[in-house]
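Single-letter residue listing:
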Amino acid sequence: MPKIVEELISRIESIQTLDEFETAKTELLEYLQSINKELVASNFKYQRSSKEKNIIYSLLNKTSQDLNNAIKSLKIRAEELSTLLSAIPAFVYFKNENLEYQVVNKSFEDFLEVRLEDIKGKKVTDFLSEYNNIKYEEKETEVLKHGLPVYGIEEVIIKDKKKIWLSTNIAPVKNSKGDVVGLVGVSYDITERKKYEIELKRAKEQAEAGTRAKSEFLANVSHEIRTPMNGIIGMTEILKQTRLTREQLQNLNTIENSADSLLSLINDVLDFSKIEAGKLNFEIIQFSLNSVLSDVEKILSARASEKGLEFKIFTEHTIPEKIIGDPHRLKQVILNLANNAVKFTSKGSVKIFINLLEKNRSGIKFKFEVQDTGIGISKEAGKMVFKEFTQLDASTTRKFGGTGLGLSISKKLAHLMNGEIGVESEVGKGSTFWFTAKFGRVKQRKSENLKAEQEKLDFIEKLEKDLSVLLVEDNKINQKIAIFNLKKAGYLVDLAENGKDAVEKFESGNYDLILMDILMPIMNGFKATEKIRAIESKSDGAGKKINNRIPIVALTANAMKGDREACLAAGMDGYISKPFKQAELVELLKNIVSQK
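Quantities reported herein were computed from a predicted structural model and do not represent experimental measurements. All residue numbers here refer to positions counted from 1 along the written sequence of the relevant chain. The model is predicted, so local features are restricted to residues of pLDDT at least 70 and side-chain atom pairs to those at 80 or more, both for listing and for counting; the totals for chains, interfaces and linings are taken over all residues. Excluded from the side-chain calculations are hydrogens and water; all other atoms, namely the structure's heavy atoms, are used.

1. Let's talk about the packing of aromatic side chains
Then, in step 1: For Phe, Tyr and Trp, where Trp contributes only its six-membered ring, two rings pair if their centres lie within 6.5 Å, and the inter-plane angle classes them as stacked under 30 degrees, edge-to-face over 60, or tilted in between. By the definition in use, this model includes 11 aromatic pairs.
Then, in step 2: Taken together, the aromatic side chains of Phe91, Tyr93, Tyr101, Phe108 and Phe111 make up a single cluster linked through ring pairs.
Then, in step 3: Our definition puts a charge over a ring when NZ of Lys or CZ of Arg is within 6 Å of the ring centre and also within 35 degrees of the ring normal. Lying over the aromatic face of Trp165, Lys194 brings its terminal NZ or CZ to 4.9 Å of the ring centre.
Then, in step 4: The ring of Trp434 carries Lys367 above its face, with NZ or CZ at 5.2 Å from the centroid.

Right, here's the structure in full:
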């Protein structure tokens, strides 16, 4: 500024005349105006710079405060994270791309008995020389390569000569660009859990061994009981077909009823054991519901008549001729309920009602009701009646007997048939036991069905005229019973007393069917069947089989789960367990022959 003033004074002093002044005045005024403008502009810039400076100072001050607050917050978060990691009982670690430890928590330090400063930059083998889990390192490498977490990796660490089970979750650690720069792992000590699992597995194996031992015991007991039972029931049937006095017939009926009761008890115990083990046989075949009901009526009508009870079965006209399911198990449930009704009813009636509940493409559902006028049960007893080994009270047990298994088995069988079971009763007025069951539908038209059945019956009748049966049985009483029943049915019978004799007779004879016992001396039924099937498979020089396949039916006292399957797997075509009734044997043979 002083230089500008000096310049103005110098120029004014250089003016000599009025004309020169007039000329210079205009220039000087313009010059002064430009100087003023510059001064105004400079002042404006100064003022703005001053304001910007203040703003910058204010921003810097706020940024500094925010930064300080952020640093404090980060310190708090770091302390919280450190506290959290220290409190976590799991082993937490961070590794870089070279699988070297960068950070670990206190639990990890305590586990390795090494401080963080001695861990950082090292690998697990630097601390545990016994560690050699290559698969675990492969998992870590996989996480680094693919950037995806892996969960539930189980491994065993040997530390101080002790096994320590660990379960680890691994996740990738990424930078701001999304590149994997390391991984974080969280390991849990599951040693106690593993010990418990091992103990549980051992206990399970012991329980299964106990179950197997029980099943084997039941199978052996069943076999040993059924063999003499077959003699009792079989000989009773034979005697009843001879000339007898009324008293002798009554005595035989008593023997037969006692044998049937004992057999029913054996079957209940075996069924309960099978259900308990989840190994109950359940067939899915085509059968006639009316035929099942007819069998029930034949069995129970005589017992009801002996007590002076009215016994009737009522069915709807809409019930189909054929359905698909297990006729034996259905009959078992109906008989269990109806037998109880007859047992606990001293006067009045026992009636069975069958109603159709549903019918659609998926199947058909029935409701079966067994109604009696017996002693009835209370509401409290009704809640317990379907439980195992349950009787209403001690006096009932003494008066009526039973194991308390029948209704429990019926409940489980009803559930297997996709149904329910229940009871409605009043003390002194009788009971109504009911259950529902679902079955498959038969698509075959009735006319076609009747035609097929008639063709089957004609074929059986034709075969039965000269049907030759080879009976393979070592027990003398069982031989006598089987031969009597077979001859009574019109069959020709030849006898083999063991499997070896059976194979020899098969090779030299010409039989339509073989009845094969299983447990025999010299050669058992399985081995004999195997040899017979091997002989049948032989062919002549032209590739034609020399022998046709002969039906073989297992005749055995074994009745546990797996026995039937074992017989079929051995190449047999059917299975009947001792003791058996004449009608049961003949019916089975008819079915086998008709399929020949």
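So much for the structure itself; the text now carries on.
2. Things to note about empty space enclosed by the protein
Then, in step 1: Whether a set of points on the 1 Å grid over the protein atoms alone is a cavity depends on a 1.4 Å probe fitting there but being unable to get out, while an open set qualifies as a pocket with protein on both sides within 12 Å along at least five of seven lines; lining residues are those with an atom within 4 Å of a point. Grid points are joined across faces, edges and corners, and a volume is the space filled by probe spheres set on the points. Following the criterion strictly, the structure yields 1 cavity of 30 Å³ or more and no others.
Then, in step 2: By volume, the largest cavity is sized at about 150 Å³.
Then, in step 3: Forming the boundary of the largest cavity are 16 residues, of which Tyr101, Phe108, Val124, Glu155 and Leu166 lie nearest the centre.

3. Remarks on helix α15 (residues 499-508)
Then, in step 1: Here the term buried applies to any residue with accessible area under 20% of the maximum for its type, exposed to any over 50%, and partly exposed to those in between, with areas from a 1.4 Å probe on protein chains only. Starting at the N terminus, helices and strands are each numbered in turn, a helix being any DSSP run of H or I of at least four residues and a strand any DSSP run of E of at least two. For α15, the set of buried residues is Gly499, Ala502, Val503 and Phe506. One face of α15 carries all of its buried residues, which in axial projection span an arc of 100°.
Then, in step 2: Looking at the buried residues of α15, the elements they touch are β13 (468-472), β14 (492-496), β15 (513-516) and α16 (525-537).
Then, in step 3: Counted as a polar contact is a pair of N or O atoms within 3.5 Å, where, for protein atoms, one must be capable of donating a hydrogen and the other of accepting one, and residues adjacent in sequence contribute only when both atoms are in side chains. The N-cap of α15, judged by a side-chain oxygen 3.0 Å from the amide nitrogen of Lys500 a few residues on, is Asn498. Note that the arc is computed from the directions linking the helix axis to the C-beta atoms. Contacts between residues were defined by any pair of non-hydrogen atoms, one from each residue, lying within 4.5 Å.

4. Structural notes on α16
Then, in step 1: For α16, spanning 13 residues, the distance from its first C-alpha to its last is 18 Å, which sits close to the expected 18 Å at 1.5 Å a residue.
Then, in step 2: Along α16, the residues classified as buried are Gly525, Ala528, Thr529, Ile532, Arg533, Ile535 and Glu536. Angular distribution of buried residues about the axis of α16 spans 155°; they occupy a single face of the element.
Then, in step 3: Against α15, β15 and β16 (552-556) lie the buried residues of α16.
Then, in step 4: Measuring from the backbone nitrogen of Phe526 back to the side-chain oxygen at the start of α16 gives 3.1 Å, which picks out Asn524 as the cap. Expected span, for any helix, means 1.5 Å times one less than how many residues it has.

5. Considering the nonpolar core
Then, in step 1: Counting 42 residues, the largest nonpolar core has Leu289, Leu330, Phe366, Phe368, Phe435 and Phe439 as its most contacted members.
Then, in step 2: Among the elements of the structure, α8 (289-306), α9 (327-343), β9 (349-360), β10 (363-372), α12 (406-416) and β12 (430-441) are those that each provide at least two residues to this core.
Then, in step 3: If you tally residues by element for this core, the top one is α9, at 8 residues.
Then, in step 4: Every residue in contact with Phe439, bar those within four places of it in the chain, is listed here: Phe287, Ile323, Ile324, Gly325, Leu330, Gly363, Ile364, Phe366, Phe368 and Met417. To qualify as a nonpolar core, a set must consist of buried Ala, Val, Leu, Ile, Met, Phe, Trp, Tyr and Cys residues joined through side-chain atoms within 4.5 Å.

6. Structural notes on the sheet that holds β13
Then, in step 1: Here we have 5 strands laid out as an open sheet, ordered β14-β13-β15-β16-β17, and parallel in their pairing. The sheet terminates laterally at β14 and β17 (574-577), the two strands that pair on one side only. Across the sheet, the mean angle from the axis of one strand to that of its neighbour is 20°, orientation sign disregarded.
Then, in step 2: The pairing of β15 with β16 spans 3 bridges and is parallel. Residue pairing across strands places Met516 opposite Ala554, the latter belonging to β16.
Then, in step 3: Between N-to-C directions, angles span 0 to 180 degrees; the directions come from axes that are lines fitted to C-alpha atoms, helices contributing only their stretch in contact. α16 contacts β15 and β16 of the sheet and is inclined by roughly 155° relative to β15. For two strands to be treated as a pair, DSSP must find at least two bridges joining them.

7. Digging into the packing of α15 against α16
Then, in step 1: Between α15 and α16, the shortest axis-to-axis distance is 9 Å and the interhelical angle comes to 20°. With respect to α16, the element α15 is oriented roughly parallel. Both α15 and α16 take part in a crossing whose hand is right-handed. On α16, the residues that touch Gly499, Val503, Phe506 and Glu507 of α15 are Ala528, Lys531, Ile532, Ile535 and Glu536.
Then, in step 2: Each residue is assigned to one class: nonpolar for Ala, Val, Leu, Ile, Met, Phe, Trp, Tyr, Cys and Pro, charged for Asp, Glu, Lys and Arg, and polar for all the others, Gly among them. Residues that form the contact of α15 with α16 fall into these classes: 5 nonpolar, 1 polar and 3 charged. Angles are sorted into four bins: roughly parallel if under 35 degrees, roughly antiparallel if over 145, roughly perpendicular if 65 to 115, and oblique for all others. Less than a right angle of anticlockwise turn of the near helix away from the far helix marks a crossing as left-handed, whereas a clockwise turn marks it as right-handed.

8. Some points on the environment of Asn98
Then, in step 1: As for its placement among the helices and strands, Asn98 is situated in the loop between β1 (91-96) and β2 (101-104).
Then, in step 2: Between the alpha carbons of Asn98 and Gly121 there is a distance of 9.1 Å; along the sequence they are 23 residues apart.

9. Some details on a nonpolar patch on the surface
Then, in step 1: Within this analysis, patches are made of residues with over 30% relative accessible area and no salt bridge. Like charges are joined at 9 Å or less; nonpolar side chains (Val, Leu, Ile, Met, Phe, Trp, Tyr) at 5 Å or less. Reported accessibility uses the Shrake-Rupley method at a 1.4 Å probe radius. Residues are deemed covered only where the shown protein chains occlude them. Between Lys or Arg on one side and Asp or Glu on the other, a salt bridge is scored when a side-chain nitrogen of the former is within 4 Å of a carboxyl oxygen of the latter. A contiguous nonpolar patch, built from Ile225, Leu262, Leu265 and Val269 and spanning about 260 Å² of accessible area, is present on the exposed surface.
Then, in step 2: With 3 residues, helix α7 (residues 246-276) is the single largest residue contributor to the nonpolar patch.
Then, in step 3: With respect to the helices and strands, the residue Ile225 is situated in helix α6 (residues 191-240).
Then, in step 4: Judged by relative accessible area, Ile225 falls into the partly exposed class, the value being 30%.

That's the geometry; what it means functionally is another story.
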